Amino acid sequence: MSQEYKVKLEVFEGPLDLLLYLIKKDEVDIYDISLERITAQYLEFMEAFKVLDLELAGEFVVMAANLIYLKSRALLPAAVQPPEEEAEEDDPRWDLIRQLVEYKKFKDAAAHLSQREVDQSNLFARMAESPETAQPERPLGDVSVFDLINAFNNVLKRIASKSEDLREIFEENYTVSDKIDFIMKMTGSGVPLKFTELFATVASRTEIVVTFLALLELIRLKQLKAVQEEVFGEIELRRA
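In this text, all values refer to a predicted model and were calculated from it rather than measured experimentally. (Residues numbered from 1 in each chain as written. Predicted model: local features only at pLDDT ≥ 70, side-chain atom pairs only at ≥ 80, totals over all residues. Heavy atoms only, no water.)

A.B. asks: So what exactly am I meant to see when it comes to the nonpolar core here?
C.D. replies: Burial of nonpolar side chains together is a common tendency in soluble globular proteins. Counting 62 residues, the largest nonpolar core has Y42 and F212 as the members making the most contacts within it. Here this core takes ten residues from helix α9 (residues 205–220), the largest share from any one element. Excluding residues within four positions of it along the chain, Y42 makes contact with P15, L18, L19, L22, E59, F60, M63, A64 and L67. (Core = buried A, V, L, I, M, F, W, Y, C linked by side-chain atoms within 4.5 Å. Buried < 20%, exposed > 50% of the residue type's maximum accessible area, 1.4 Å probe, protein only. Helix = DSSP H or I, 4+ residues; strand = E, 2+ residues; numbered from the N terminus. Contact = heavy atoms within 4.5 Å.)

Laid out in C-alpha cells, this is it:
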C-alpha cells in the first residue's frame, strides 16, 4: 500500500504548531504544560505519521528527541542534573515554554495582519450573499491536518481494541483509488458525512490507513471539504 501511494502534505507547518495544537486541545496554559503528557501525545502523532508514511520535515524528529530528553531530565533529582544546565533554571520546561510563547506571539501577529488584509479587501468587494443565504460554518482552512490526524488516531485506537485475523487482513487488497471512489459515492447525495461514519464499517488497520489516505487526497484535490461546527468538534465531510 505504501509503495502505491505516498503522501506529502504541503499544509504541514512545524513541530511548534503541533505542540500549540496539543496544548489548545488540552485546554491548558502554556506555562502549565506537563512534559510527560505532551511528550506522549506528540509521540502518538509521530507514530500516526509513520503509519501513514508521511514525508515530514526533520524538525519534527528533532523536537521528538528534545521532548524525550526534557522528560527524562525532569525525572532526575536535582543533584544529578546535567552540569551545563545548573546555571539556568531548575525547571527543564522553561526553554520549551519560551519557544512556544514567542512562536505563539509571532503566529497571532501574523494572523492579525492577515485578517486586517482580508477586512481591507472586503471594503472594496462587491456585496456577496444576503444575510439570509450566508453560511455560518467554519471554512475548510480551519480544519487543520492535526485535527484530521487526531481523528484518525481515535479510529485506530478503536480498531486496536478488537482482535484481528492477520491472515484475512493480509489477503485483503485495498487501494487508494478504490477508496476514493468509495468516499465519493458516500458523499454523492450532498448530505454531510461525519468522519466517524466514514470508518464505521472498516475491518482492519490497513483499511483505515488506505481510507484516510484517500480522504487526504480528495481534500488536497479540493473535491471534499472538512468542516467543524466548533473547535475540536466532530469533523464533517462535504462535497466542495
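Anyway, onward from the coordinates.
A.B. asks: Just to check I follow, could you spell out the layout of surface pockets for this structure?
C.D. replies: Leftover empty space is mapped by rolling, across the atoms, a probe with the size of a water molecule. Looking at the second largest pocket, its volume works out to about 230 Å³. Lining the second largest pocket are 14 residues, with N150, A151, N154, G233 and I235 positioned closest to its centre. Tallied by class, residues from the lining of the second largest pocket come to six nonpolar, five polar and three charged. (1 Å grid on protein atoms, 1.4 Å probe; cavity = no way out; pocket = protein on both sides within 12 Å on 5 of 7 lines; lining within 4 Å. Points joined across faces, edges and corners; volume = space filled by probe spheres on them. Nonpolar A, V, L, I, M, F, W, Y, C, P; charged D, E, K, R; others polar.)

A.B. asks: Would you mind showing me how to read the pairing of strand β2 (residues 224–228) here?
C.D. replies: One face of the sheet, then the other: side chains in a regular strand alternate in exactly this way. In terms of burial, β2 is largely enclosed, as four of its five residues are buried. Here β2 runs beside strand β3 (residues 235–239); their pairing, made up of five bridges, is antiparallel. Bridge assignment links L224 to a residue of β3, and that residue is R239. Hairpin connection between β2 and β3: a loop of six residues separates the two successive antiparallel strands, and F232 in this loop has a positive phi of roughly 65 degrees. (Pairing = 2+ DSSP bridges.)

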